[in-house]
Amino acid sequence: MGKGKKSIRFEHTERQISELAALQKMLKVSEGTFSFSIAICNSPSLQKYLLEEIVTESEAVEVVEINEKVEYIFDFVSSKIPQKNHTTAIFITGIERILPSDKKEHGVLRNLNATRELWKSRYSCPVVFWMPEYAATLFSTQARDIWSWVSHIFEFVSEEATAIAGTRDIYAGDITGAGNLNVVQKRFRIAELEQRIKDASEPLKDELVPHLLVWLNELSYIYYCIGELDAAEQMLRRAIEIEEKLGRPEGMAKQYGNLGLIYQTRGELDKAEQMHRKSLEIFEKLGLPEGMAKQYGNLGLIYKTRGELDKAEQMHKKSLDIAEKLGRLEGMANQYGNLGLIYKTRGELSKAEQMHRKALEIDERLGRLEGMAIDYGNLGVIYKTRGELDKAEQMLRKALEIFEKLGLPEGMAKQYGNLGAIYEERGDIKKAREYWVKARDLFAKIGMPNEVKKVEGWIEGI
Amino acid sequence: MLSQEKLKEIYRVFDPEPLSAGEESLYVDLDSVRGSSGLVRELTQKIRLSANPTCQLLAGHRGSGKSTELRQVQKKLESGNEKFFSVFCEVNQDLDPNDVDFPDVLIAIVRQIAERFHKKLKIKLKPGYFKQRWGELKGVLGAKVTLEQLELDAGLAKFSAAIKSSPNIREEIRKALEPHTNNWIYAANEVIGEAVLRLSKKGYKGLVVIVDGLDKISLRQHPTAGCTVAEYLFVNRCAQLTAFNCHLIYAMPLALAYSCAERTIANLYGYTAPPVVPMTKIIDAEGNRHQEGFDKLKSLIEMRLNKAGVKKEDVFKEGVIDKVIECSGGQPRELINLVRESIVEGELPIGTSTLESIARKITHAYARQLREEHWKIIDQVRRDHILKRDKENDPLCMELLDSRAILQYKNEKEWYGVNPLLPKH
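This is a predicted model, so every value here is computed, not measured.

Colleague: Tell me what's going on with the overall build of chain A, and back it up with residues and numbers.
Modeller: Counting its regular elements, chain A contains 22 helices and 5 strands. Expressed as a percentage of its 462 residues, the buried residues of chain A come to 47%. A separation of at least 24 residues holds for 67% of the contacts in chain A among residues at least 6 apart in sequence.

What follows is the structure, given as structure tokens:
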């Protein structure tokens, strides 16, 4: 394409540009030869834009839009495009309309699966199916035969313009309060804690050790929130040293778990896994199932990031199991939520919805407003993926309202981000920008530079 | 004839309230006649020797001298080479003993720590994360109350006042706090952390909070938990009660220490058996007089008479002191109460008839309280001096201990006796 219309500064956008280039190259290279390709794109507006770009470049590309009534995709496409013509490529869109996510089996995919020979004999050009991520998952599992023929996959996703409302990692110690200080308050708090730690440790006074450990942990958490991961790590290492000296394995286990989360954020997944495993092992030895449950949950998040969804699911289920046995409703809600996110990634949207609803039910019962807000947010993201934008907006607004009521800026910022994404899909660019700017400013205010960068990427991409 | 002024003085000196800081001269060490040897020492040493915050319990009959012992603990910890700063937290100032749950206790404890720091050390502790937490309760207190500008103790006082005043508001506050209990504990520990650091700079070894008053909470059934309110707090809420990052001593209802929940409580709080302040032994299980016990209680009365500056014979007729002690069943507070009532009821010196008329009133009160099913247990205790508890009669046993119809003595071995003022059955 190379029209140079946009200033591209951000990684994900760059990757999408190169995917587009690859797709265009494929169209050229395979001219006159049949092939199956899949182009994954979650955002209808982005898809529309990409198709326009490609079609203007090469007018002989035919786009067939599937409607709700189609049962036999091949027959439908055949009726639209005759056998011999000058088509350089066939793009098939709208397949998600006939793949409702709440159904287990999709006849239409079974039918499609049986037609692969027909395509090849009828067309001698590339056939590209455009679909969102979840549909691709269904495709790959329910039309396996055709899938095995797919020679190219182009991903215009990865950095979805939607901040998932809330994974639930478990940072040991109840420091959510610290996370919700604004950036100025965080800086003050850092100074205060540093002073306290200095006062308490020069020389180290016995009676202050339990407090010192709490302060080190909180300080580490605040550093973690504002993205100063080295400082965060340093604090945890000091805490571990003290716990070790005092022979407090439980404390060490807790801190190892937290260290794992820091590595996770840095993307050092192997190291993170190692820490969570170390923590898990100690908790296991001490016979502390609650600690074990937390680390299973955290391990699940690592596997999810790695894309090892089955393993991740297994971990969250283990965590859920323990929480269930202990009757820890809060832990159960967390893991239902995490499982929901896994199912969503797999494209099993109705299962994901079910999980988030379960989490919501528990959180409602406990009156755990923050949890409810996260659940509403996650449900909103699911509806958005399904294209049910009004329903999605309704959920996201509910989430936003609770976060506002609780005065939790992080949650608010995430919802602004998600709402912006809804407006973008509706094509309301002005509103999308407005919300994303709100999200960006709020993330900046509470000192979360990674999130700021992400949202800036979306704004640039408009 | 004693003057009206003198009479007032005597009345004042027989105050059943636990001895306060300036009244050490009235303290009589009853350890040896209670069989509770070294209770104060045990409680203080555990705090002095432990590297980590401790959480201890102390149970005892109403009026057995629990609060007085706790005051002694406080005095001991505040002196010596390694001084502790102590907060004697009378939770009943802040909560309704008929209906207690953990959030109320948390608010009471933190409020009283802040108040004591303010008053005694002139230190204003910062609200820290409580400021964030106010938001969760905004709705409960109504729009007019703005908490943002308030100091920590004043802010919390708003809640404790609300908690005490209305069951509805209490319920709402709890509902709002419950899901965030861990955050509230974190906020409390943030305040405690700052406090301990400040104390350390002033040369204190640490912070001790003595929570008195939870022994008075109700043995009523908890509306949902399927046990008494007291059991719910001490058993189900153990993780929270022990979560504060400072040394704690909780006074606990005696009935709980002698209920079926006793094993659970012992395990939860790390005891072989929760420490108990038993009654002073004035007779043994066979009904023989225990002279040492009599003498100790006698000196308790005499020290107070001395303080009032009156002679024994001006207040008691011959032999009446012994009778008062007998009627008290070895309960120090009951003893003081009996004297006080006698002063009001008849002329001084107090004679047998005055005492008998008071005793009769107490007997009537018991007669009104006791039901047929209680009597089965009372008769058995009268006969065997042991309290045979099972899951079924546990609530009844708790009621009997709670109402002091049955008294627990320790001495050589633990045994139970029937309150001497119980009606004959």
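Colleague: Give me the lowdown on the interface of chain B and chain A, citing residues and values where you can.
Modeller: At the junction of the two partners, chain B supplies 22 residues and chain A supplies 22 residues. Going through the elements one at a time, α6 (130-141) and α9 (181-201) of chain B are the ones with two or more residues in the side of chain B that touches chain A. Ranked by the residues each element gives to the side of chain B that touches chain A, the list is headed by α9(B), at 10 residues. Split into classes, the residues belonging to the side of chain B that touches chain A amount to 9 nonpolar, 10 polar and 3 charged.

Colleague: Just give me the short version of the sheet that holds strand β5 (residues 150-155) of chain A, but keep the residues and values in it.
Modeller: Residue and element names in this part refer to chain A. Ordered in space as β2-β3-β4-β1-β5, the 5 strands form an open sheet in which the pairing is parallel. Unpaired on one side and paired on the other, β2 (61-65) and β5 mark the two borders of the sheet. For this sheet the average axis-to-axis angle between neighbouring strands, irrespective of direction, equals 20°. Relative to strand β4 (residues 126-131), strand β3 (residues 89-93) runs parallel, the two being bridged by 3 bridges. Paired with Phe91 across the two strands is Val128, which belongs to β4.

Colleague: Residue-level account of helix α13 (residues 269-286) of chain A, with values.
Modeller: All names here are of chain A. In a regular helix each residue adds 1.5 Å, so 18 residues correspond to 26 Å; α13 covers 26 Å between its end C-alpha atoms and thus fits that length. Along α13, the positions that sit buried rather than exposed are Ala272, Met275, His276, Ser279, Leu280, Ile282 and Phe283. The buried residues of α13 all sit within an arc of 165° when viewed along its axis, so they share a single face. Residues of α13 that are exposed and angled more than 90 degrees away from the buried face: Asp270 and Lys285. At its buried positions, α13 is contacted by α12 (249-266) and α14 (289-306). Once α13 finishes, Gly287 follows within two positions and takes phi at roughly 65°, a positive value.

Colleague: Give a detailed account of the confidence of the model for chain A, specifying residues and quantitative values.
Modeller: Residue and element names in this part refer to chain A. For chain A, the mean per-residue pLDDT works out to 82, and 88% of the residues sit at or above 70. At the level of individual helices and strands, chain A shows its lowest average pLDDT in helix α8 (residues 176-179), which scores 69, and its highest in α13, which scores 94. pLDDT under 50 marks residues 1-12. Its contacts with residues more than four places away, or in other chains, come to 14 contacts. Ignoring residues within four places in sequence, the model shows residues 158-168, a span with pLDDT below 50, making 38 contacts including any to other chains.

Colleague: Go over the environment of A:Ala421 with me, naming the residues and quoting the values.
Modeller: Residues and elements named next belong to chain A. Within the secondary structure, Ala421 is located in helix α20 (residues 409-426). Its 27 C-beta neighbours within 10 Å are what place Ala421 among the buried residues. Distance from Ala421 to Glu393, taken between C-alpha atoms, is 9.9 Å for residues 28 residues apart in sequence.

Colleague: Any chance you could break down the confidence of the model for chain B for me, citing the residues and the numbers?
Modeller: Residue and element names in this part refer to chain B. Of all residues in chain B, 95% attain a pLDDT of 70 or more, and the chain-wide mean is 85. Element-level pLDDT for chain B is lowest in α6, with a mean of 72, against a maximum mean of 95 in strand β3 (residues 206-212). Scored as a complex, the prediction yields pTM 0.69 and ipTM 0.70.

Colleague: Provide a residue-level description of the environment of A:Ser220, including the pertinent values.
Modeller: Residues and elements named next belong to chain A. Examined against the element boundaries, Ser220 turns out to sit in helix α10 (residues 209-225). A tally of 31 C-beta atoms within 10 Å means that Ser220 is categorised as buried. Between the alpha carbons of Ser220 and Ala232 there is a distance of 4.1 Å; along the sequence they are 12 residues apart. In this view, Ser220 contacts Ala232, Met235, Leu236 and Asn258; residues no more than four positions away in its chain are not counted.

Colleague: So, the sheet that holds strand β1 (residues 55-60) of chain B: which residues are in play, and what are the values?
Modeller: Two strands in a sheet stick together by hydrogen bonds in their backbones, pointing the same way (parallel) or opposite ways (antiparallel). Residue and element names in this part refer to chain B. Taken together, the 5 strands give an open sheet; going across it, the order is β2-β3-β4-β1-β5, and neighbouring strands pair in parallel fashion. The sheet is open, and its two borders are formed by β2 (84-90) and β5 (276-277), each paired with just one other strand. Here β1 runs beside β5; their pairing, made up of 2 bridges, is parallel. Note on β5: the bridge partner recorded for Gly60 is Val277. Sitting on the sheet, helix α3 (residues 39-49) is in contact with β1, β2, β3, β4 (247-253) and β5, with an inclination near 165° to β1.

Colleague: Could you give an account of the pairing of β2(B), with specific residues and numbers?
Modeller: Residue and element names in this part refer to chain B. Counting buried residues in β2 gives 6 out of 7 residues, a clear majority hidden from the surface. Of the pairings in the sheet, the one linking β2 to β3 comprises 7 bridges and is parallel in character. Bridging from a neighbouring strand, Phe84 pairs with Gly206 of β3.

Colleague: Help me get a handle on the nonpolar core, residues and values and all.
Modeller: Nonpolar side chains tend to gather and get buried jointly when the protein is soluble and globular. Within the largest apolar cluster, 250 residues are counted, with the highest numbers of intra-cluster contacts made by B:Ile109, B:Ile113, B:Val191, B:Val209, B:Val211 and B:Met252. Looking at which element gives the most residues to this core, the answer is α10(A), with 11 residues. Apart from residues lying up to four places away in sequence, B:Met252 is in contact with B:Leu57, B:Leu58, B:Ala59, B:Leu214, B:Asp215, B:Phe234, B:Ala257 and B:Pro274.

So, how was this worked out
Residues numbered from 1 in each chain as written. Chains lettered and ligands numbered in written order. Predicted model: local features only at pLDDT ≥ 70, side-chain atom pairs only at ≥ 80, totals over all residues. Helix = DSSP H or I, 4+ residues; strand = E, 2+ residues; numbered from the N terminus. Buried ≥ 20, exposed ≤ 12 C-beta atoms within 10 Å, placed from the backbone. Contact = placed C-beta atoms within 7 Å. Nonpolar A, V, L, I, M, F, W, Y, C, P; charged D, E, K, R; others polar. Pairing = 2+ DSSP bridges. Axes fitted to C-alpha atoms, helices over the stretch in contact; angles between N-to-C directions. Expected span 1.5 Å × (residues − 1). Arc of directions from axis to C-beta. pLDDT = per-residue confidence, 0-100. Core = buried A, V, L, I, M, F, W, Y, C linked by C-beta atoms within 7 Å.

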